[in-house]
Structure formats: C-alpha cells, structure tokens
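# Coordinate analysis (summary)
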Amino acid sequence: MLFRSAAALELATAAAAGDTAARVRAREELERLAQRSGPRGRRPGSQPVATADAVLAELLDDFDHPDRAVAVATGIAALDRLLANGGWRPGLFLLAGGPGVGKSAFALQTCLRAVALPHPVLYVSIEQSPKELVGRIFCHEFQAPIAAYWNRNADLAVGMREHAGRFNLSDLHVQDDPYVAGEDYEGSVGRIRRWTTELVRATGQRPLVVVDYLQRLRPAEADRRLDERLRISMACLGLRQLARDLEVPVLAISSVGRSSYSGEATLDWYKGSGDLE
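Note that the structure is a prediction, hence the values are computed from the model and not measured.

Turning next to the confidence of the model for the protein. Low-pLDDT stretches of the model should not have their predicted coordinates read in fine detail. Averaged over every residue, the pLDDT of the protein is 80; the share at 70 or more is 74%. Under a pLDDT of 50 for its full length, residues 1-5 has, in the predicted model, five contacts with residues more than four places off or in other chains. Below pLDDT 50 for its whole length, residues 37-41 participates in one contact with residues either more than four positions away or in separate chains.

Listed below in structure tokens is the structure:
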C-alpha cells in the first residue's frame, strides 16, 4: 500500500498499534495538509465533462470579443513569422542562452511591446526584485549601465520621472517569488498559476506570462526529493499545463549547460531539461 504523506503512514501505523494519541496527532496533520493544499486535494476528473456544443458556444463568444485574442504579437516581424501565428500563442516557449547574453533584457523588451498593444503581462522573477526589474527597463531605455540603478544615479532618476509615461507600466505586473520557509506545498509553479488566474479575473484578458528563470523555480513539497532534471521537467509540465488550461502564452527563460556555450542549439542545451520535446 502507498501512503501519500508521512501523516497518512503514521495514522495507519497508529491504528494498527492502537495508539490513540498518535492517531489524533496524525489526523490533525492530515487535516492541516488538506487545508493548505487547497484545490490540489480534488480528485482528478472530478470536474464535469464538457459537451462539444457548450465548448463551441464559449469559443464563438471569444470570437465576438477581439480583446480575448490568445496570440500576442512580439513586435518583431521576423519572430512573428517564425512563430507562424502572429506572436506568442498559448503554450510554453523556452528562451535559452549563456550567461550575460541578454535573455532577461530581451524578455523585458518583449513585455514592453506587449503592454504597448495594450496587453497585460505577468513577469515572475525568482532572482530580481520588482524594483530592479523596473530599474533595468529605464537603464536599457537610456543606455545607462545597471550601476546607475544600484547607485541611485540622479540623472537616471530625472529620466525616469520625465519618461515614465512612455511605457504602459500599469499593464506590466511584476512579481517576485518569495522564499517559503518550511513546507512549501504550492511551489513556484502553483503560485504562478494562482497569480495568473487572479490576473485573468481582474483584467478579463489572458496575460503573457514570463518566468525568469526556469532552473530557479522552487519545487513543491512533493517534488523536493527529485533530482534536478526531474524537478525541471515537472516544472515545465506544470507550466505547459497552466498555458493550456488558462489559454495563456508562457515564456520561460532557461540557462544552458556549460558544454552548450558553442555549437548548434538542441534540446540538450536546456540545463537539466534535455528530455523536453
């Protein structure tokens, strides 16, 4: 028999041994886990099965509202042609490159092009704070070194105040992923799904979701014992599922292994996630 948690195993052991106190403790722990896990506690397949005519009605309603378009233009004609559908569509896209090549800078510029449409964007950063992300936008705009942000350069501050209206920053939602001490049952991907769902409800639009970056996503408690490759694969699976369920494009930045700094790009480039297809 398989037990889904240590508390479940303790409950079964206590029941077999007739230990009432241990049984009470274990049951309280199970109830606590159920409360913290939230929707994860639902059994797969418990939602009603949709009929095709109901799906068609929902789809036609989407077509009647152009603001619900699920493809987001990149603003780069060649890239839009490469993506074959006029921009980012619902799905998971991986952006890989070596250190310092400008992955985050490209992602931020992609976000600015999206909000200029206007289209909402959720930018989730694991390593950079929201202040640093916004600071980097203006450093790029004024071709100033990032040191101007760190040193709180007065000229940069003047430029930010004078040109803040140049960007539609109200549609750019920046979120850092807080460290969770102790047991983290949601994990980074679970939180990204929650934040995306909340943004869809608040704006009525499907945002472009940018994750910076893949290898830094914190695993949920159930996945912490997996090796790095499997953790990253599970994170990618969760992001792909999020993109499909919520019909949003997800752009995830990925580092690459040192052995891949030169040569032709392959799926093995993606550090720890070479089994992606």
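A separate point is the packing of helix α9 (residues 187-203) against helix α10 (residues 228-246). Geometrically, a packed helix pair is captured by the angle between its two axes and the distance between the axes. Closest axis-to-axis distance for the α9/α10 pair is 10 Å, and the angle between their directions is 15 degrees. As the angle between them shows, α9 and α10 are arranged roughly parallel. Considering only the axes of α9 and α10, their crossing is right-handed. Contacts from Val189, Ile192, Arg193, Thr196 and Thr197 of α9 reach α10 at Ala235, Gly238, Leu239, Gln241, Leu242, Asp245 and Leu246. Per-class residue counts for the contact of α9 with α10 are six nonpolar, four polar and two charged.

This next bit is on the side chain of Ser125. Within the secondary structure, Ser125 is located in strand β2 (residues 121-125). Classification of Ser125 as buried rests on a relative accessible area of 1%. Within the structure, Ser125 has its side chain in polar contact with the backbone nitrogen of Gln128 (distance 2.9 Å). Discounting residues that sit within four places of it in the chain, Ser125 has contacts with Leu133, Gln175, Asp176, Asp177 and Asp212.

The subject of this paragraph is the nonpolar core. If you look at the biggest cluster of nonpolar residues, it comprises 28 residues, and the most contacted ones within it are Trp88, Val121, Tyr123, Ile137, Leu172 and Val210. Looking at which element gives the most residues to this core, the answer is helix α5 (residues 103-115), with six residues. Those residues within four positions of Tyr123 in sequence are excluded, and the remaining contacts are Ser104, Ala107, Leu108, Cys111, Leu133, Leu172, His173, Val174, Gln175, Val210, Asp212 and Ile253. Counting 21 residues, the second-largest nonpolar core is a separate cluster that includes Ile126, Val211, Leu239 and Ala252.

The next point concerns the pattern of salt bridges. Oppositely charged side chains may form a pair once their charged atoms are brought near each other. For the coordinates displayed, the defined rule picks out 12 salt bridges. Between Glu132 and Arg136 there is a salt bridge, with the nearest N and O atoms lying 3.0 Å from each other. Highlighted residues: Glu132 and Arg136, both in helix α6 (residues 130-141), separated by four residues, approximately one helical turn. The residue Asp177 makes a salt bridge to Arg218 at a minimum N-O spacing of 3.1 Å. A residue pair is termed long-range when its members are at least 10 positions apart, and Asp177 in the loop between β3 (172-176) and α9 and Arg218 in the loop between β4 (208-212) and α10 qualify at 41 residues. You can call Asp177 buried: its relative accessible area is 4%.

Conventions adopted
- The residue count restarts for each chain, going from 1 along the sequence in the order it is written.
- The predicted origin of the model limits local features to residues at a pLDDT of at least 70 and limits the giving and counting of side-chain atom pairs to 80 or more, whereas totals for whole chains, interfaces and linings rest on all residues.
- Derived side-chain values reflect all non-hydrogen atoms in the structure, with water molecules and hydrogen atoms excluded from consideration.
- Per-residue confidence from the predictor is reported as pLDDT, which spans 0 to 100.
- Residue contacts follow a heavy-atom distance rule, with two residues in contact if any of their heavy atoms lie within 4.5 Å.
- Interaxial angles span 0 to 180 degrees and are taken between N-to-C directions of axes, which are lines fitted to C-alpha atoms, for helices over the stretch in contact.
- Here a strand is any run of E in DSSP of at least two residues, a helix any run of H or I of at least four, and the numbering for each starts at the N terminus.
- What sets the label is the angle itself: under 35 degrees gives roughly parallel, over 145 gives roughly antiparallel, 65 to 115 gives roughly perpendicular, and the rest give oblique.
- Handedness of a crossing is defined here by the sense of rotation of the near helix relative to the far one, left-handed for an anticlockwise turn of less than a right angle and right-handed for a clockwise turn.
- All amino acids are sorted into three groups, where Ala, Val, Leu, Ile, Met, Phe, Trp, Tyr, Cys and Pro are nonpolar, Asp, Glu, Lys and Arg are charged, and the leftover types, Gly among them, are polar.
- Residue burial is assigned from relative accessible area. The probe radius is 1.4 Å, only protein chains are included, and a residue is buried under 20% of its type maximum, exposed over 50%, and partly exposed in between.
- Counting of polar contacts relies on pairs of N or O atoms within 3.5 Å, with two restrictions inside protein: one atom must be capable of donating a hydrogen and the other of accepting it, and residues adjacent in sequence are counted only when both atoms are side-chain atoms.
- Working definition of a nonpolar core: buried Ala, Val, Leu, Ile, Met, Phe, Trp, Tyr and Cys residues. They are joined through side-chain atoms within 4.5 Å.
- A pairing counts as a salt bridge when a side-chain nitrogen of Lys or Arg comes within 4 Å of a carboxyl oxygen of Asp or Glu.

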